[in-house]
Each structure stands twice: as structure tokens, then as C-alpha cells.
Amino acid sequence: MTTTIARRSALKLSALAASSVVLPTLLLQAAIAQTSRKLTPSQSEGPFYPDQQMQDADADLLKNGRVAYTAGQSAWVSGVVSDMDGKPVSGALVEIWQCDHEGVYRHSRSSGNAPMAFQGFGKVQVGADGRYRFRTIKPVPYTGRPPHIHMKIKLGSRELLTTQMYVAGDASNARDFLTRSLGADRSLLEAAFTRGSDGWQAEFGIVVKT
Ligand SMILES: [Fe+2]
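Bear in mind the structure is a predicted one, so any value in this text is a computation, not a measurement. Each residue is numbered by its place in its chain's sequence as written, counting from 1. In keeping with the predicted nature of the model, local features appear solely for residues at pLDDT of at least 70, side-chain atom pairs appear and are counted solely at 80 or more, and the whole-chain, interface and lining totals rest on all residues.

1. Section: the overall build of the chain
- Counting from the N terminus, the helices are DSSP H or I runs at least four residues long and the strands are E runs at least two residues long. Of regular secondary structure, the chain possesses 2 helices and 12 strands.
- When burial is assessed residue by residue, the chain has 28% of its 210 residues classed as buried.
- Within the chain, counting contacts between residues at least 6 apart in sequence, those at least 24 apart form 72% of the total. To sort residues by exposure, count the other C-beta atoms lying within 10 Å of each residue's C-beta; 20 or more gives buried, 12 or fewer gives exposed, and values between give partly exposed, all with C-beta atoms placed from the backbone. Placing a C-beta atom from the backbone of each residue, one calls two residues in contact when those atoms lie within 7 Å.

Below, the structure is given as C-alpha cells:
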């Protein structure tokens, strides 16, 4: 009898011990999931969203029509567009635009009418997996701004997000007038650029409210 009671007590104690480990772990996992689903902060569009007719606006910004762009440091920029529940946003249109290696945008106020080799703007519609991928250059700094790539996410006729993506670890991010005010959330707009066999690679997840 005593042995049975002792065994039951031991079982209760071990169940309690297990729950004291499992519960905080579950809470931690929930907190991580919550954090990873934070909305990607919006940023201003800036003055250089293309105002010119684009002959070529595909995902390969290093090839503008038949002209290849070989300046700058080539990079793959990719990621998944998801909603706050972590579900890919199938059919979302991802647009990016950025300046060339000399800080010139494909815009009449930046490039004038000079022909540019760099495509400067590209768009891609994501499939069921929400994944986008661009071939472009690692962004460069210009006129006091840290290196960045502008982005816009659309779904049908709705514009879900306009933002800018930054290079993680770039010291000028913390001093920038647009990112300074974000505080800790600045990391949500930063992507690590790592060297791959085919140029730089950066993964940038985008969370939008649909
Ligand atoms: Fe810009």
C-alpha cells in the first residue's frame, strides 16, 4: 500500500517536473512564432519609384533587354511573402527598385535621359509558396543614405506594403533618418548578405497584413 502511494506521488512529481519544463518551452516557442510574424515595417517610397516606361521589368536586373550589366557586386535577393499567420501570400506581386553602383536611379530626376545598363527595377509574382527571387547588385550607399533596396508588395489592385531593405551589419543603418526611429524593429528590415559561389546572397522574409 505504502509502495503504491509512494509510486503515485513519484509519478505526480515527475509529471509536475515535466510540465514545468514543457510549459515554459511551449510559451517560448509561441513567443518566437509571434516575433517571427511581426509585420514588416513600412518605409517611405522615396522620390525614385520609376516614372519611365520599362521595356524590361523582370526579376533579372543585371540584364536590361539585351544589355548586360556587369558593374557592381552581383547578388541574389530572395525570400517569402507571408501573412501574420505565417501563410504564404500566393499571387502577391513583389517590386524592387534600387540605384546602380554609382547611386543613379532609373528615374528622370536621377538618370535624366541617359541610357542605363542597370535595369534598376524588377517585379515578380509569387506562387503558392510565396517565394520571390531577384538577380541584382548588392546595394550601395548614396547621398548620406545607407545601402538599401526599395520594395513594394501588391495583391491584385491593393498595395499591401512599401518599404526598404537594408544590409545587416552596415554601421550607417543606425544613423539613418528613416531607420533610426524603428529602434529594435530595424532588424526586421535588415538582411544578411553572405558570399555564395554566384555572388552575394540575401534572404529577406516579408510579413504583410492581407
Ligand atoms: Fe533610395
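There is more to say, and it comes next.
2. A short note on unusual backbone geometry
- Although it is not a glycine, Thr143 sits at a positive phi angle of roughly 30°.
- Looking at where Thr143 falls in the secondary structure, it is placed in the loop between β6 (131-137) and β7 (148-155).
- Judged by the 6 C-beta atoms lying within 10 Å of it, Thr143 falls in the exposed class.

3. What to know about the sheet that holds strand β4 (residues 93-97)
- Spatially, 5 strands are ordered β5-β4-β7-β8-β9 in an open sheet, and the strand pairing comes out mixed. For this open sheet the edge positions go to β5 (121-125) and β9 (190-191), each flanked by a neighbour on one side alone.
- Sheet topology places strand β8 (residues 158-167) next to β9; 2 bridges connect them, and they run parallel. For Tyr166, the partnering residue across the bridge sits in β9 and is Glu190. Only strands joined by at least two bridges in the DSSP assignment are considered to pair.

4. What to know about the nonpolar core
- Buried Ala, Val, Leu, Ile, Met, Phe, Trp, Tyr and Cys residues whose C-beta atoms connect them within 7 Å together make up a nonpolar core. Core analysis: the largest hydrophobic core is formed by 34 residues, its most contacted members being Val81, Val94 and Ile153.
- Among the elements that make up this core, the one with the highest residue count is β8 (5 residues).

5. Describing the environment of Leu155
- Among the structural elements, Leu155 can be located in strand β7.
- Linking Leu155 and Gln125, residues 30 residues apart in sequence, is a C-alpha distance of 9.3 Å.
- Beyond its immediate sequence surroundings of up to four residues, Leu155 is in contact with Val89, Gly91, Ala92, Leu160 and Thr210.

6. Details of the pairing of strand β3 (residues 74-82)
- Relative to β6, β3 runs antiparallel, the two being bridged by 7 bridges. Each bridged residue has a counterpart across the sheet, and for Gly79 the counterpart in β6 is Tyr132.
- Pairing of β3 with strand β11 (residues 199-203) involves 4 bridges; the strand directions are parallel. Bridge pairing in β11 links Ala75 to Trp200.
- The pairing of β3 with strand β12 (residues 206-207) spans 2 bridges and is classified as parallel.

7. Points about the pairing of β11
- Where strand β10 (residues 193-196) and β11 come together, 4 bridges link them in antiparallel fashion. For Phe193, the partnering residue across the bridge sits in β11 and is Ala202.
- Between the end of β10 and the start of β11, which pair antiparallel, lie 2 residues.

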